[in-house]
Each structure stands twice: as structure tokens, then as C-alpha cells.
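In case you want the letters, here they are:
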Number of protein chains: 2
Amino acid sequence: METRELRYFVAVAEELHFGRAAQRLGIAQPPLSRAIQQLERRLGAALLDRTSRTVTLTEAGSVLLTEGRAALDAVDAAERRTRRAALSPTGRPGLVLATKASASRELLAKLLDAYAAEPGAVPVDVILCGPAEQERLLHEGRADVALLHRPFDSTAGFDTEELSTEGQVVVLPAGHPLAVRAHVHMADITGLPGLPLPRWPSPDGTYPPGPGPQVRDHAQLLQLVALGRACAVSPESCRAQLHSDLAAVPVLDAPKVTTVIAWPSHSRSRAVADLVRTAIRLQ
Amino acid sequence: METRELRYFVAVAEELHFGRAAQRLGIAQPPLSRAIQQLERRLGAALLDRTSRTVTLTEAGSVLLTEGRAALDAVDAAERRTRRAALSPTGRPGLVLATKASASRELLAKLLDAYAAEPGAVPVDVILCGPAEQERLLHEGRADVALLHRPFDSTAGFDTEELSTEGQVVVLPAGHPLAVRAHVHMADITGLPGLPLPRWPSPDGTYPPGPGPQVRDHAQLLQLVALGRACAVSPESCRAQLHSDLAAVPVLDAPKVTTVIAWPSHSRSRAVADLVRTAIRLQ
DNA sequence: GGCAACGATACCTTCCAGGTATCGTTGCGG
DNA sequence: CCGCAACGATACCTGGAAGGTATCGTTGCC
């Protein structure tokens, strides 16, 4: 199977319309029809049920859609990583590490310092990204290694090592009545009048329905808390980043958050292995 | 990047010889040279250093070799799973489950029975394979789900759920002096005169050097133990499969073995999800 | 029943993958 | 030091496949 055929099929399967898919691909509709027919012939499988009015996926077609997307991602990742390896002037490609902007700066700084001191260390670029974006970057080959936070981020398809586990705190406006408490429970903070928990976007970019403001990153979130429009439950380590107009109170029964370092499981990069070993030794 | 180019590159990178690679690919050498040049031009990266006597990989080339292999595996897996989905007569593709021949029959039987009783269950084919073969089958799309045994098998790149944890026993000929003990320690059984631990093949098919017979599967192993040529450390559950001429004694300080159910992390198959849910509920 | 939307088909053109022949370089044995 | 053999690169040709345009057949809809 050629990637061209796969890209054509994915386009049609997503649009469920040959004309629009052809337009998206920048080719005419007839060659697209033929390419899909040929793919079906070679696979010995009907991928699409088509009438002159509608196109629908067969069972085999929907399998090929998910599997094909994964395969195309892998091909694109291969291409990107190769390009990056070639671009690096030293011949020793640098590493790209993806992490949430809200992650522990202390852990990250310690890790980068310790790794830089290793013999054979290469330059590390850090990408600060929004929630759950690291997985995509790793899959797409835009990053070599990432810091993820379970249970929020999915570690599906990666190798991981646990680095640290911490409890969570609720972040409140400094003057809030609960801010003086030594600790609280989840029940104390769900449904606080005027301070709803915010809504994070789903992987598809849409927001779940419900009360609470929509946020895209941690800075927005803290801004909203400072404005008295929301409260937030975050890992303890965020305390180091809080301004004095915010207060943090431990939430005893919130789920523990584990920071893990993750990398594509087929990675054979010496640099990734060194960085991971350094990270483990720090703990 | 087309898969054809990728296959060509992988062939050359593995052979480090254009002539042999062309032969392996079933094409002539000049088109192969041209294809690689074109790939290098498009990537903007030198992949191979060539003199008229030797071919070596550049840094970028070795990145593309590992990443490209992974990508080709993904493409092949997509093709195979699609074919399988189409072949199944019901339109509801059956599942293929890969497990070691030596795995617990009890767990497997319970799982298959419980899943078959689920509404919407599909037929499950079971592949019994040798040690560490399940990972390959899953990656190649020949299996949809597998039972793996940590720490022996690598779960890299898969989603997993733990099913059970058990201790290990040493399997001995029935008449052996240690066979009457209630339990032993690892120190008791390393270097037993005449009963060495066997050697398993590495992933590349070769055997590590050392004493002890070479074995390929569990049946061979038990045969050798019965013949008094080896002893073996195995998960407890293998006791159910032991003939009376063999004895099993718990090894107190052997590492615990965890059976996990594993599936490709991008799997969106309803059947896989059902089977996994059933497996978790059994525990 | 006419029409419009849509995928399939027919047919042509262009381009590129692949083949054969040959060249230029290089290491090696005499 | 020279001839030779091995090897990748180049030159040139050919067939097939990818892509384009025009058009057909079917189908739902007003």
C-alpha cells in the first residue's frame, strides 16, 4: 500500500464525498474514484458503500481509517525526525522536549541542568504546550520526549518512566473564606457559589457543556481565579508559580498526580536514553 | 514520502550495498540509486555516505532507518487488519488473541468464556506463540490483542491492563532432592550441579552464550526438565500443566510475574474494548 | 417529469519508475 | 605501478500508471 493511496482514502473517508475529497487533495474527482477502486481491488475489500447520493464506510473501511491514520502519522513522524536530524549542524541532533506550561519548573530545571552536565549531552529544545498537546507532538515526530501528567494525559503508545507523584491543591482568590483552611476535601469545593471549576477543551477542540468558564491554558486559568470567576484544582508544584493574590489549599482526597517522562517506544536515540536515565536518577 | 521509497531506503540501509539491496527488492541497481538520491533531495538530507567501495549511514540515515521501519510496520499492519476485517463473513471481524503457549490456561479459558457470553461478542482466534513473539504479532497487525507477561515481555507501545500477579516456582524432576522442600530461594537453584537454567533466544533469534540447553518453547523446556537436563523458573500457574514426573517448588525471592492484556494503543475496535473490559472485570 | 448532484467511465496526455548499457572511481593483487 | 574487478552514478529508452477533460448513468427532489 502506498502512502498516496492511504492519503486519498483517508480524505474520502473523512469527507464521505468524492468531490470534496478530491478538492482537498488538489486533484480531479475521476482519478480519485479510480485510486479508491484500485485500492479496494488490491485489498480484496470493499471500503466504501456508495450510491449516487451517499457514501458510507464499510466495516473494513472504518478499520482502514483508524489504522491508516496511525500509519500516515508514523510516516510523517519518520520524515520530520529525519529532517531534524539532518538540520542539526553538529550531526548530533538536538532533542525536543514537550511539556505543559503549567508543569513543575523545578523538576524541569533540575532535569535540564543534570542532563546538560552529562558527557555527550546534546542541546535540548523545550516546547511548552497546552493540556494534552504533548501526545500529539510526540506522535507527529515534532518532539522526541515529553513530560506527561497522569491521570490527565494518556500515555498510550509510549514508553514511560514515573518521575514523581504529588497531591493536588485548590487554587483560590487570596481573600476567599476557604483560603485560610489547612486543608479541604473535594466536597468542600465542588459547587462553591460563584467559583465553578473551569472546563478544558476535549481532544477535538470543543468544550463539554456545563457551567464554568472555558480555559485553554494554565495562565488563563490563574487569571480567572484571580478575578474571582473560578477555582482550580492543580498539582501542588504549581504553588511555586502562584502570585500573592492567589492562595492554595491542599485537597486531601483529590487524585494523586504522577509526572512521567515519555518517549516513542521504538526510539533508539542515544540522547533520549541518556535524558531518561538522568531523569530516573534524579528521583 | 511514499512507502516504496521507504522500503527501498530500508533495504539499502540494511544491506549497506546497492547491488544486494536491488536484488533483494527485485529491481535493477540504477533505479534504486536514483530513488535514494531523489529521497535525499526531497528530505534535504544526506542519508548515506557512499564511496565506490563502502556505504555507511549518516546520522539522519540511521534515524530514518528506525523511524522508517516503524512506519512501514504501521502501514503493513493497517493493510493486514483491513484485509482481516473484510474477510470475516459476518461483517463483524473476529478477534485474534496472541498468547504464550505456556500461559495460564485457566485464565485464558475463563476470559474466552466470559467474553463469549457478552452481548455482541465476536469469534476469537487464539494464536499460541513462542516467548516474546506476541509483541511482533501485535505490531504487525496479525493479532488484535495479546496476553503478555511482565517483566519478560516488553509492553512498549501498547496500552495494557494488569490482570493478575503471581509468584514463580522452580520446576524440577520429581525425584530431585529439592523437590520435597516447601520453598526455596534463588540462591538454592543457581548452579545446581547438572541442572542449569536454560537459554532462551534473543529477539534476533540467536542464543546468548553460556551453559544450559537452548530452548525455543515451554514444551521443550519441560521435556528437558523431565529428562533431568535442566531446571526452570516459571510462573506458578504452570503447575496445572505439569505431569506427575515433574515437581514445582515456590521460589520465594523470584520476581513476581504480572499477566497483562495488551492492545495497540490506537485501536478503536469495539471488540477489543469489550474483551479488555471483560478481562478487567474477571479480576 | 425535469433537474441537479454525484460517482463511474471513456479517452487522452504526461511523467516517472524501471530496464540496459556504460562510465568514473577506487582498492587490490601482481 | 598497472591492470582488473567491484561498485555506485549517469545516459538514454520504454511502458505503464497517474492525472486531466468530457460525458454517462443513477437517484433523490421540487
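Residues numbered from 1 in each chain as written. Chains lettered and ligands numbered in written order. Predicted model: local features only at pLDDT ≥ 70, side-chain atom pairs only at ≥ 80, totals over all residues. Heavy atoms only, no water.

Chemist: Which residues make up the protein's contact with DNA strand D, and what are the values?
Modeler: Residues in close proximity to DNA strand D total 23 residues, the closest being A28(A), R34(A), S52(A), S33(B) and R50(B). The sugar-phosphate portion of DNA strand D accounts for 66% of its atoms within 4 Å of the protein, the bases making up the rest. S33(B) is positioned such that a nitrogen or oxygen atom in its side chain is 2.8 Å from a phosphate oxygen of DNA strand D. In the model, a base nitrogen of DNA strand D is placed 3.4 Å from a nitrogen or oxygen of the R53(B) side chain. Secondary-structure elements contributing two or more residues to the surface near DNA strand D are α1 (3-15) and α3 (29-43) of chain A together with α2 (18-25) and α3 (29-43) of chain B. Of the residues that constitute the surface near DNA strand D, the class distribution is 8 nonpolar, 10 polar and 5 charged. (Near = heavy atom within 4 Å. Polar contact = N/O pair within 3.5 Å; in protein donor to acceptor, adjacent residues only side chain to side chain. Helix = DSSP H or I, 4+ residues; strand = E, 2+ residues; numbered from the N terminus. Nonpolar A, V, L, I, M, F, W, Y, C, P; charged D, E, K, R; others polar.)

Chemist: Any details on the interface of chain B and chain A? Residues and values, ideally.
Modeler: Listed by partner, the interface residues are 38 residues for chain B and 38 residues for chain A. Carbon and sulfur atoms make up 64% of the area that chain B and chain A hide from each other, which totals about 3100 Å². Of all residues in chain B, the largest losses of buried area upon contact with chain A belong to M1(B), E67(B) and T82(B), amounting jointly to 19% of the total for that side. The shortest N-O distance in the salt bridge between E67(A) and R81(B) comes to 3.1 Å. (Contact = heavy atoms within 4.5 Å. Buried area = accessible area lost by both parts, 1.4 Å probe. Salt bridge = Lys/Arg side-chain N within 4 Å of Asp/Glu carboxyl O.)

Chemist: Lay out the environment of L227(B) in plain terms, naming residues and giving numbers.
Modeler: The residue L227(B) is located in the loop between α8 (218-226) and β8 (232-235) in this model. Separated by 47 residues in sequence, L227(B) and V180(B) place their C-alpha atoms 18 Å apart.

Chemist: With reference to specific residues and values, describe the protein's contact with DNA strand C.
Modeler: Taken together, 23 residues sit near DNA strand C, with S33(A), R50(A), A28(B), R34(B) and S52(B) positioned nearest. Protein-adjacent atoms of DNA strand C, using a 4 Å cutoff, are sugar or phosphate at a proportion of 65%. Contact distances for DNA strand C include 3.4 Å between a phosphate oxygen and a side-chain N or O atom of Q37(A). A distance of 3.3 Å separates a phosphate oxygen of DNA strand C from a polar side-chain atom of R4(B). Of all the secondary structure elements, the ones that give two or more residues to the surface near DNA strand C are α2 (18-25) and α3 of chain A together with α1 (3-15) and α3 of chain B.

Chemist: Break down the environment of P30(A) for me, citing the residues and quoting the values.
Modeler: Structurally, the position occupied by P30(A) is in helix α3. In this structure, the C-alpha to C-alpha distance between P30(A) and A77(A), residues 47 residues apart in sequence, is 30 Å.

Chemist: Let's hear about the sheet that holds strand β5 (residues 145-150) of chain B: which residues, and what values?
Modeler: Residue and element names in this part refer to chain B. Pairing is mixed across the open sheet formed by 5 strands, whose spatial order is β4-β3-β5-β10-β6. The sheet is open, and its two borders are formed by β4 (124-129) and β6 (158-166), each paired with just one other strand. When the angles between neighbouring strand axes are averaged without regard to direction, this sheet yields 25 degrees. Pairing geometry for strand β3 (residues 95-100) and β4, over 6 bridges, is parallel. Bridging from a neighbouring strand, T99 pairs with L128 of β4. Along the sheet, helix α9 (residues 270-282) contacts β3, β5, β6 and β10 (257-264); its crossing angle with β10, the most-contacted strand, is approximately 160 degrees. (Pairing = 2+ DSSP bridges. Axes fitted to C-alpha atoms, helices over the stretch in contact; angles between N-to-C directions.)

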